[in-house]
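Listed below, chain by chain, are the residues.
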Amino acid sequence: MSQRTLVLLKPDAVRRGLTGEIIGRIERKAGWQITALELRTLDRATLEQHYAEHVGKPFYEPLVEFMSSGPVVALIVEGERVIEGVRQLAGPTDPIAAAPGSIRGDFGVIVRENLIHASDSEESAERELKIFFPSRA
Ligand code: IDP
């Protein structure tokens, strides 16, 4: 079951020089392909679309501030069960709860600054790919 997923390496990952490490982990999974990769700085409008489900929550404003505080790396990753697979590589939202060996578990401490976004379902992937890579959706 080949799928596509949207991955964002968040501004903390770019600032800390961890993009190569994280992309390497994705590339080493057999058969997965990176089919788009772009460094870009996100504006509020894009983030409001992307995080629509979180608008109004207490962590929303600081999240938008953080996510627009510097460039992110946006990727499309394609391959077998890649949606569930990248979520597994990332680990749970809270990096302290994330197991060592996962990206968040190995490198994160703060819930907001948890290094990576990855679509959580086929529906989310389709919606998010339209936002970040409209010409590829
Ligand atoms: P996910 O990125 O693991 O799918 P979501 O619940 O969709 O997690 O939350 C989106 C992002 O918002 C998280 O990755 C994290 O950066 C931030 N976030 C979520 N919950 C909290 C919180 O309770 N405090 C601060 N930031 C949060």
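- An unreviewed UniProt entry lists the chain under the name Nucleoside diphosphate kinase, from Streptomyces nogalater.
- One UniProt comment on the chain, placed under Cofactor (unreviewed entry), says "Mg(2+)".

**Side note on the sheet that holds strand E3 (residues 72–80)**
- With antiparallel pairing, the four strands of this open sheet are ordered in space as E2-E3-E1-E4. Taken across any chain shown, the strands that pair with only one partner, and hence form the sheet edges, are strand E2 (33–40) and strand E4 (116–118). Going from strand to strand, the sheet's axes swing by 20° on average, the running direction of each strand aside.
- Here helix H5 (residues 82–90) sits on the sheet in contact with strand E1 (2–9), E3 and E4, set at roughly 35° to E1.

**Remarks on the side chain of Gln-3**
- By the element assignment, Gln-3 lies in strand E1.
- On the accessibility criterion, Gln-3 (11% relative accessible area) is buried.
- In terms of polar contacts, Gln-3 uses its side chain to reach the backbone amide nitrogen of Ile-83, at 3.1 Å.

**With respect to unusual backbone geometry**
- Despite not being glycine, Arg-81 shows a phi value in the positive range, around 50°.
- When you line up the elements, Arg-81 lands in the loop between E3 and H5.

**Description of the packing of aromatic side chains**
- Tallied over the entire structure, the rule returns zero aromatic pairs.
- Positioned over the ring face of Trp-32 is Lys-29, at 5.7 Å from the centre of the ring.
- When the ring centre of Phe-133 is taken as origin, the NZ or CZ atom of Arg-40, which lies over that ring, is 5.2 Å away.

**As for the UniProt feature "domain: Nucleoside diphosphate kinase-like" (unreviewed entry) in the chain**
- UniProt's entry tags residues 2–136 with the feature "domain: Nucleoside diphosphate kinase-like" (unreviewed entry), counted in the numbering of this structure.
- In the segment residues 2–136, helix accounts for 40% and strand for 21%; the C-alpha atoms at its two ends are 16 Å apart.

**A closer look at helix H7 (residues 122–132)**
- Where H7 is concerned, the buried positions are Ser-124, Ala-125, Glu-128, Leu-129, Ile-131 and Phe-132. Projection of H7 onto a plane perpendicular to its axis shows the buried side chains occupying an angular sector of 155°, all on one side. When the buried face of H7 is taken as reference, the exposed residues oriented beyond 90 degrees from it are Glu-123 and Glu-126.

**So, the pairing of E1**
- Across the eight residues of E1, six count as buried, placing the element largely inside the fold.
- Examined bridge by bridge, E1 and E3 share eight bridges and lie antiparallel to one another. Bridge pairing links Leu-8 to Ala-74 in E3.
- As judged from the three bridges shared by E1 and E4, these two strands associate in the antiparallel manner. Counterpart to Leu-9 in the pairing with E4 is Ile-116.

**Re the site of the ligand**
- Close contacts around the ligand come from Lys-10, Tyr-51, His-54, Phe-59, Leu-63, Arg-87, Thr-93, Arg-104, Val-111, Arg-112 and Asn-114, and that covers them all.
- Between an oxygen atom of the ligand and a side-chain N or O atom of His-54, the distance comes to 3.0 Å.
- Residues belonging to the shell around the ligand are distributed by class as follows: four nonpolar, three polar and four charged.

Conventions we followed
- Residues numbered from 1 in each chain as written.
- Predicted model: local features only at pLDDT ≥ 70, side-chain atom pairs only at ≥ 80, totals over all residues.
- Heavy atoms only, no water.
- UniProt positions renumbered as here; feature names shortened; annotations may be inferred.
- Pairing = 2+ DSSP bridges.
- Helix = DSSP H or I, 4+ residues; strand = E, 2+ residues; numbered from the N terminus.
- Axes fitted to C-alpha atoms, helices over the stretch in contact; angles between N-to-C directions.
- Contact = heavy atoms within 4.5 Å.
- Buried < 20%, exposed > 50% of the residue type's maximum accessible area, 1.4 Å probe, protein only.
- Polar contact = N/O pair within 3.5 Å; in protein donor to acceptor, adjacent residues only side chain to side chain.
- Phe/Tyr/Trp six-rings, centres within 6.5 Å; stacked < 30°, edge-to-face > 60°.
- Lys NZ or Arg CZ within 6 Å of the ring centre and 35° of its normal.
- Arc of directions from axis to C-beta.
- Near = heavy atom within 4 Å.
- Nonpolar A, V, L, I, M, F, W, Y, C, P; charged D, E, K, R; others polar.

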